[in-house]
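# Structure at a glance
Letter by letter, the chains look like this.
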Amino acid sequence: MNNTLIEAELPTELAAQAQAFVAAGWATDFNDLLAEALRRFLESHEASVTESFIKDDIEWGLHGRD
Amino acid sequence: MEETDQRPPLVVCDAGPLIHLDEVGCLDLLADFPVVLVPGEVWREAQRHRPSVLVQSVVTLRQLTSTRPVPPALAAMARLLSLHAGEMEALRVALEHDPALLLTDDTAARLAARNLLIRAHGTLGILLRAIRRGQRSKDELIEVLRELPKKSTLHLKRSLLDDVIREAERLP
């Protein structure tokens, strides 16, 4: 697998929680944890699903009854 | 609840719509609903990210915290979709106040809502509804939509926002 080096700023508290999670042995290392978190986020926020919800909002907003 | 019912429903708010509506000066649109419930965890998120939402006087927000056990279906959904604490509590409160309308801008939370048979809409729905309900004129609302990328932290693909604006412009 090819890897890309990225630089990111994280909220201090969130980074500390993630480091504690890794230190407790729940993830191989910080990189793996970040990759897994990103993968899960992208899976659950698939663009087509988001778009379908926006279309629902348009329909309800403009033509709903309540 | 069937959308044929014309009465505005009780709403349960996640943090996103509270913050995004306030960013574009439209928090007052929530005053059209009989009750706006804000779960405790969502309240704390709003306190962290946009405390002004909680001290305004345009809409009454009722803070509440669920004391009942988390339904197993919701617990499973929260794990599957990696829901945040606020999203999970909003879903839980919506389940407890069936047939409430959940307001959330999070796709995962909306997926969970769909699976749990909870009606859910987001900030865009509330904004567009304002035209239908006579809370804003079409022109006023289209201006809000145009300013959305500059004024709001709601992330939306530009082409999709253009579609939304076109739909609004088509109204008589």
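Before reading on, note that the structure itself is shown above.
Everything numeric here is computed off the predicted structure, so don't read it as measured data.

Another point: the overall build of chain B. For chain B, the helix and strand inventory stands at eight helices and five strands. Each helix and strand of chain B, ordered N terminal to C terminal, gives the series β-α-β-α-β-α-α-β-α-β-α-α-α. Against the globule reference of 16 Å for 172 residues, chain B gives a C-alpha radius of gyration of 16 Å, in line with a compact fold. With the C-alpha coordinates aligned to their principal axes, the bounding extent of chain B is approximately 45 × 30 × 30 Å. Looking at chain B as a whole, 55% of its 172 residues are labelled buried. Within chain B, contacts between residues separated by at least 24 positions form 66% of all contacts whose residues are at least 6 apart in sequence. On chain B, roughly 8100 Å² of surface is accessible, and the fraction owed to carbon and sulfur atoms is 51%.

Along the backbone of chain A there are three helices and zero strands. If you list the helices and strands of chain A from N to C, you get α-α-α. The C-alpha atoms of chain A give a radius of gyration of 18 Å, which is well past the 11 Å a tight globule of 66 residues would have. Reported as C-alpha extents along the three principal axes, the dimensions of chain A are approximately 55 × 30 × 20 Å. Looking at chain A as a whole, 26% of its 66 residues qualify as buried. Of the roughly 5100 Å² of accessible surface on chain A, 57% is carried by carbon and sulfur atoms. Across chain A, the centroid of the 4 positively charged side chains sits 10 Å from that of the 13 negatively charged ones.

All right, on to the environment of isoleucine 118 of chain B then. Residues and elements named next belong to chain B. By secondary structure assignment, the location of isoleucine 118 is in the loop between α5 (107-115) and β5 (119-121). Taking the C-alpha atoms as reference points, isoleucine 118 and leucine 91, 27 residues apart in sequence, are found 8.0 Å from one another. In this structure isoleucine 118 touches Leu91, Ala94, Leu95, Ala100, Leu102 and Ala113, once residues within four positions along its chain are discounted.

The next thing to look at is the pattern of salt bridges. Residues and elements named next belong to chain A. In total, this model carries 16 salt bridges over all chains according to the counting rule given. Its salt-bridge partner being arginine 40, residue glutamate 36 comes within 2.9 Å of it at the nearest N-O pair. You can see glutamate 36 and its partner arginine 40 sitting in helix α2 (residues 30-44), four residues apart, about one turn around the helix. Since its relative accessible area comes to 30%, glutamate 36 is described here as partly exposed. Judged by its relative accessible area of 40%, arginine 40 is partly exposed. Here the residues in one salt-bridge network are Glu36, Arg39 and Arg40, joined through shared partners.

A word on the sheet that holds strand β2 (residues 36-39) of chain B. All names here are of chain B. Pairing is parallel across the open sheet formed by five strands, whose spatial order is β3-β2-β1-β4-β5. With partners counted over all chains shown, the strands left at the sheet margins are β3 (62-64) and β5, one partner each. Geometrically, the sheet is characterised by an average inter-axis angle of 30° between neighbouring strands, direction not taken into account. As defined by bridge partners, strand β1 (residues 11-13) adjoins β2 across two bridges and the pair is classed as parallel. Across the sheet, residue valine 12 finds its bridge partner in β2, namely leucine 37.

It is worth spelling out the side chain of aspartate 22 of chain B at this point. All names here are of chain B. Tracing the sequence through the fold places aspartate 22 in helix α1 (residues 15-23). Looking at aspartate 22, its side chain comes within polar contact range of the side chain of serine 52, at 3.2 Å. Aspartate 22 has contacts with Leu27, Arg50, Ser52 and Val53, leaving out every residue within four places of it along the chain.

Listed by partner, the interface residues are 19 residues for chain A and 38 residues for chain B. Buried surface at the junction of chain A and chain B, summed over both partners, amounts to about 2500 Å²; 59% is from carbon and sulfur atoms. If you look at where chain A meets chain B, you find four salt bridges. Linking arginine 114 of chain B and aspartate 56 of chain A is a salt bridge whose minimum nitrogen-to-oxygen distance equals 3.8 Å. In this structure, the connection of chain A to chain B is made through 14 residue pairs in polar contact (both at pLDDT 80 or more). Of all the secondary-structure elements, those providing two or more residues to the side of chain A that touches chain B are α2 and α3 (47-63) of chain A. If one sorts the elements of the side of chain A that touches chain B by residue count, α3 of chain A sits on top with 13 residues. By residue class, the composition of the side of chain A that touches chain B is six nonpolar, seven polar and six charged.

What counts as what
Residues numbered from 1 in each chain as written. Chains lettered and ligands numbered in written order. Predicted model: local features only at pLDDT ≥ 70, side-chain atom pairs only at ≥ 80, totals over all residues. Heavy atoms only, no water. Helix = DSSP H or I, 4+ residues; strand = E, 2+ residues; numbered from the N terminus. Rg over C-alpha atoms; globule rule 2.2 N^0.38 Å. Buried < 20%, exposed > 50% of the residue type's maximum accessible area, 1.4 Å probe, protein only. Contact = heavy atoms within 4.5 Å. Areas by Shrake-Rupley, 256 points an atom, 1.4 Å probe, with all protein chains shown as cover. Lys, Arg positive; Asp, Glu negative; His and termini not counted. Charge placed at Lys NZ, Arg CZ, Asp CG, Glu CD. Salt bridge = Lys/Arg side-chain N within 4 Å of Asp/Glu carboxyl O. Pairing = 2+ DSSP bridges. Axes fitted to C-alpha atoms, helices over the stretch in contact; angles between N-to-C directions. Polar contact = N/O pair within 3.5 Å; in protein donor to acceptor, adjacent residues only side chain to side chain. Buried area = accessible area lost by both parts, 1.4 Å probe. Nonpolar A, V, L, I, M, F, W, Y, C, P; charged D, E, K, R; others polar.

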